[in-house]
Amino acid sequence: VTSFSRAISVSPTPKSIVVTLSPPALLNRSGVITHYTLAYKSPDTLVDMLETFSITSSVSQDEEQNITLSNLQEFQNYTIVISACTVIGCSTSTGTIMRQTLQAAPDVSYSSAMVDAGIRHVQVMLSLP
């Protein structure tokens with residue numbers, strides 16, 4: 001079983017969360033890391049979403065791993081739990097990481113027209129679709 005002692009960074013966007021994890025230090029490994037498991041959920045969902053990320057031959061077990069959780073709801077809290085796995089088993093986890101996706105910019109277009117202007121005022125009319 002492997003334990004994490006290095007940094008895990010989590011970068012949210014409105015519809016995704018990018019998780020970057022540095023592998024555990026060699027002293028904290030019980031063998032060669034074969035894959036990572038990542039479970040995540042929002043408080044509104046009843047089931048955990050589970051992702052398994054294998055380490056491919058093109059990526060060393062000592063390199064950072066980037067995992068993108070996509071198709072998420074904007075401005076929503078998510079809990080994330082990550083485990084590193086060897087042939088012996090998986091770590092107990094990183095602990096719970098909580099992140100909120102960002103709020104998206106409003107999708108509102110409008111037209112404007114200046115109606116009146118004076119020395120000390122400007123009157124503008126906005127038309128929403």
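What you see is a predicted model; the values in this text were computed from it and never measured.

What follows concerns the environment of Ser111. Secondary-structure assignment places Ser111 in strand β8 (residues 111-117). Separated by 15 residues in the primary sequence, Ser111 and Leu126 have C-alpha atoms spaced 5.8 Å apart.

Moving on: the sheet that holds strand β2 (residues 17-21). Judged by pairing direction, the sheet is antiparallel, and its three strands sit side by side in the order β1-β2-β5 without closing on themselves. Looking at the sheet topology across the chains shown, the edges are occupied by β1 (8-12) and β5 (65-69). Averaged over all pairs of adjacent strands, the angle between strand axes in this sheet comes to 15 degrees, irrespective of strand direction. Bridge analysis of β2 against β5 gives five bridges, and the strand direction is antiparallel. Opposite Thr20, over in β5, you have Asn66 as the bridge partner.

Judged by nonpolar contacts, the single largest core of 16 residues is most densely connected at Ile17, Val19, Leu38, Tyr40, Leu69, Ile80 and Ile82. Broken down by secondary-structure element, the contributors of at least two residues to this core are β2, β3 (35-41), β5 and β6 (77-85). In terms of residue count, β6 provides more of this core than any other element does, four residues in total.

For the rest of this paragraph, the subject is a nonpolar patch on the surface. On the surface, Val122, Val124 and Leu126 cluster together into a nonpolar patch covering about 290 Å² of accessible area. Tracing the sequence through the fold places Leu126 in strand β9 (residues 122-127). Residue classification places Leu126 among the exposed residues on the basis of a relative accessible area of 53%.

Glancing now at the pairing of β2. Counted residue by residue, β2 has four buried out of five residues, so it is predominantly covered. As judged from the five bridges shared by β1 and β2, these two strands associate in the antiparallel manner. The residue of β2 that forms the bridge with Ile8 is Leu21. Linking two consecutive strands that pair antiparallel, namely β1 and β2, is a turn of four residues.

Further remarks concern the confidence of the model for the chain. Scored by pLDDT, the chain has a mean of 78; 78% of the residues are at 70 or more. Element-level mean pLDDT values for the chain span from 68 in strand β4 (residues 49-54) up to 91 in strand β7 (residues 97-100).

On to the state of the cysteines. Counted according to the given criterion, the structure contains one disulfide. Between the sulfur atoms of Cys85 and its disulfide partner Cys90 the distance amounts to 2.0 Å. On the sign convention where negative means left-handed, the S-S torsion of about 100 degrees between Cys85 and Cys90 marks this disulfide as right-handed. Take Cys90: its relative accessible area is 36%, and that puts it in the partly exposed class.

Criteria and thresholds
Residues numbered from 1 in each chain as written. Predicted model: local features only at pLDDT ≥ 70, side-chain atom pairs only at ≥ 80, totals over all residues. Heavy atoms only, no water. Helix = DSSP H or I, 4+ residues; strand = E, 2+ residues; numbered from the N terminus. Pairing = 2+ DSSP bridges. Axes fitted to C-alpha atoms, helices over the stretch in contact; angles between N-to-C directions. Core = buried A, V, L, I, M, F, W, Y, C linked by side-chain atoms within 4.5 Å. Buried < 20%, exposed > 50% of the residue type's maximum accessible area, 1.4 Å probe, protein only. Patch = residues over 30% accessible without salt bridge, like charges linked within 9 Å, V, L, I, M, F, W, Y side chains within 5 Å. Areas by Shrake-Rupley, 256 points an atom, 1.4 Å probe, with all protein chains shown as cover. Salt bridge = Lys/Arg side-chain N within 4 Å of Asp/Glu carboxyl O. pLDDT = per-residue confidence, 0-100. Disulfide = S-S within 2.5 Å.

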